[in-house]
Amino acid sequence: MNNKVLDPFLAELQWRGLINQCTDLDGLSGHLHGQQRTVYIGFDPTSDSLHVGSMMQLMLLRRFQLAGHKPIALVGGATGMIGDPSGKSEERNLLDAEALRRNVDGIAAQMKRFLNFDGPQAALLVNNFDWMKEYSYIEFLRDIGKNFPVGAMMGKESVRSRIDSQAGLSYTEFSYMLLQAYDFVRLHQDHGCTIQAGGSDQWGNITAGIDLARRMTGESLLGITAPLLTTSDGRKMGKTERGAVWLDPARTSPYEFYQYWKNVADEDVMRCIAYLTEVDEETFRELTDQTASDPAARSAQNWLADWMTQFVHGQDELSAAKGASKSLFSGELKDLSGDQLQTMLGDVPSESLSPGVLDGEGLWIVEAFSKSGLVKSNAEARRTIRDGGAYVNGARVDDEQQRLGRDDLLADDIIVLRRGKKKYAMLKFGTA
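Notes on the structure in this doc start here.

What counts as what
Residues numbered from 1 in each chain as written. Predicted model: local features only at pLDDT ≥ 70, side-chain atom pairs only at ≥ 80, totals over all residues. Heavy atoms only, no water. Helix = DSSP H or I, 4+ residues; strand = E, 2+ residues; numbered from the N terminus. Buried < 20%, exposed > 50% of the residue type's maximum accessible area, 1.4 Å probe, protein only. Contact = heavy atoms within 4.5 Å. Areas by Shrake-Rupley, 256 points an atom, 1.4 Å probe, with all protein chains shown as cover. Lys, Arg positive; Asp, Glu negative; His and termini not counted. Charge placed at Lys NZ, Arg CZ, Asp CG, Glu CD. Core = buried A, V, L, I, M, F, W, Y, C linked by side-chain atoms within 4.5 Å. Pairing = 2+ DSSP bridges. Phe/Tyr/Trp six-rings, centres within 6.5 Å; stacked < 30°, edge-to-face > 60°. Lys NZ or Arg CZ within 6 Å of the ring centre and 35° of its normal.

1. Quick notes on the overall build of the protein chain
Across its full length, the protein chain holds 19 helices and 15 strands. Along the longest, intermediate and shortest principal axes, the C-alpha atoms of the protein chain span 85 × 50 × 40 Å. For the protein chain, the residues scored as buried account for 50% of the 432 residues in total. Looking at the protein chain alone, contacts between residues at least 24 apart form 72% of all its contacts between residues at least 6 apart. Of the roughly 20,300 Å² of accessible surface on the protein chain, a fraction of 47% belongs to carbon and sulfur atoms. Measuring between centres, the 47 positive side-chain charges of the protein chain sit 2 Å from its 59 negative side-chain charges.

In structure tokens form, the structure reads like this:
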């Protein structure tokens, strides 16, 4: 990137692959070296919980703080009423004041796990609605808008791509960049903030803020972006068939969170460890070597799942998630509650049957597998049993004539079927 010796903090970001763009890397290195600086990252309050993608920015702020700098987490209460066009193909729904307040409160509570809000470099949490509510439309245009050239805005890829798209760009969204640019100016004036960081999709907004500050104050501020959290083929990470992977345990259970990281692809796992955890460089190299030499051992995935779950949800939830995972894959399911089974198997197909089919002779095992959808026919179910690939509640089925009864129910109303190592289904029998 350059031949000069970087500030140790930036050198760490560099080996982790966390420097995507910087307005002046050498200047930033000198600016950071030996002095406490203030840096901010903005977060859109589009939900009352942050998700895995948000962790990239939260961990970046945390790294600045651990290096001795002062972080500001800005929640966009004002800009959240408009919507950022960056990376979007169409305009999103606008939030009302009550929804914004609820969302701001939710994500503020989550940030306390990542950032220290006490001490000499205590983090600040600010809401840009607090200063934007002071302005009338005329005042904002007169005091700020006159310093913001439209040509510069039109040159930003995030704006140009939306204007050229089928959805187009509303004047409301067009104003977003100006509001966010003013955030940087205001934080510099109020808190001495000299650095804005963010994801690579925020580059246009960051440079707009730097340009506005230069025009309004004559100050030269700095910007740096990190890559987005994506898979090796360019898709955003943090998505499952059930939706986003949330930090709120009520939305994504600690077990689901744990399993998500255990199942990260080999091509992506080391990047996740570098981006999202506090792994040291020596351990990172060891995990890289282990993944290359013995990928089947999943050493890196296990390390990542343990670290992430403990950090986000705590040791007790990590222990519970690991215990549930062990129970599922060992077949020791009888002591698990219905809620635990539903959480562990929330993504698998399920079929509801009348509990009466378990009475009398019971439900024929071949018919059970056919009804579950794990096989396409009774003949395929028989072959699966003969080949040793059929399991009921974790126990292998050896007899094609086996019948399932009420004694086979887990948590009073569930039977778990498995075909091979990874294909699961649930039969739900309701109440008698």
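2. Examining the nonpolar core
Judged by nonpolar contacts, the single largest core of 62 residues is most densely connected at Leu10, Phe114, Trp261 and Ile273. Here the element with the most residues in this core is helix H3 (residues 52-66); it accounts for eight residues. The contact partners of Ile273, leaving out residues within four places of it in the chain, are Arg16, Val279, Phe284, Leu287, Ala300, Trp303 and Leu304. Counting 28 residues, the second largest nonpolar core, distinct from the first, contains Tyr40, Val126, Cys193 and Leu212.

3. Describing the pairing of strand E15 (residues 423-428)
Direction of pairing for strand E9 (residues 350-352) relative to E15: parallel, over a ladder of three bridges. Bridging from a neighbouring strand, Ser350 pairs with Met426 of E15. When strand E14 (residues 414-419) meets E15, the two strands line up antiparallel, connected through six bridges. Directly across from Arg418, in E15, lies its bridge partner Tyr424. Taking the residues between adjacent antiparallel strands as the criterion, E14 and E15 are bridged by three residues, where Gly420 takes a positive phi near 70°.

4. Focus: the packing of aromatic side chains
One pass over the structure, following the stated rule, counts ten aromatic pairs. On the basis of an interplanar angle of 15° and a centroid distance of 4.8 Å, the ring pair of Trp307 and Phe311 is categorised as stacked. In this pair, Trp307 and Phe311 both sit in helix H15 (residues 299-313), four residues apart, roughly one turn of the helix. Within the aromatic cluster, the residues linked to one another by ring pairs are Phe114, Trp307 and Phe311. If you follow Arg251 out to its NZ or CZ, it ends over the ring of Trp246, 4.4 Å from the centre. Arg418 extends its terminal NZ or CZ atom over the ring of Tyr391, reaching a point 4.0 Å from the ring centre.

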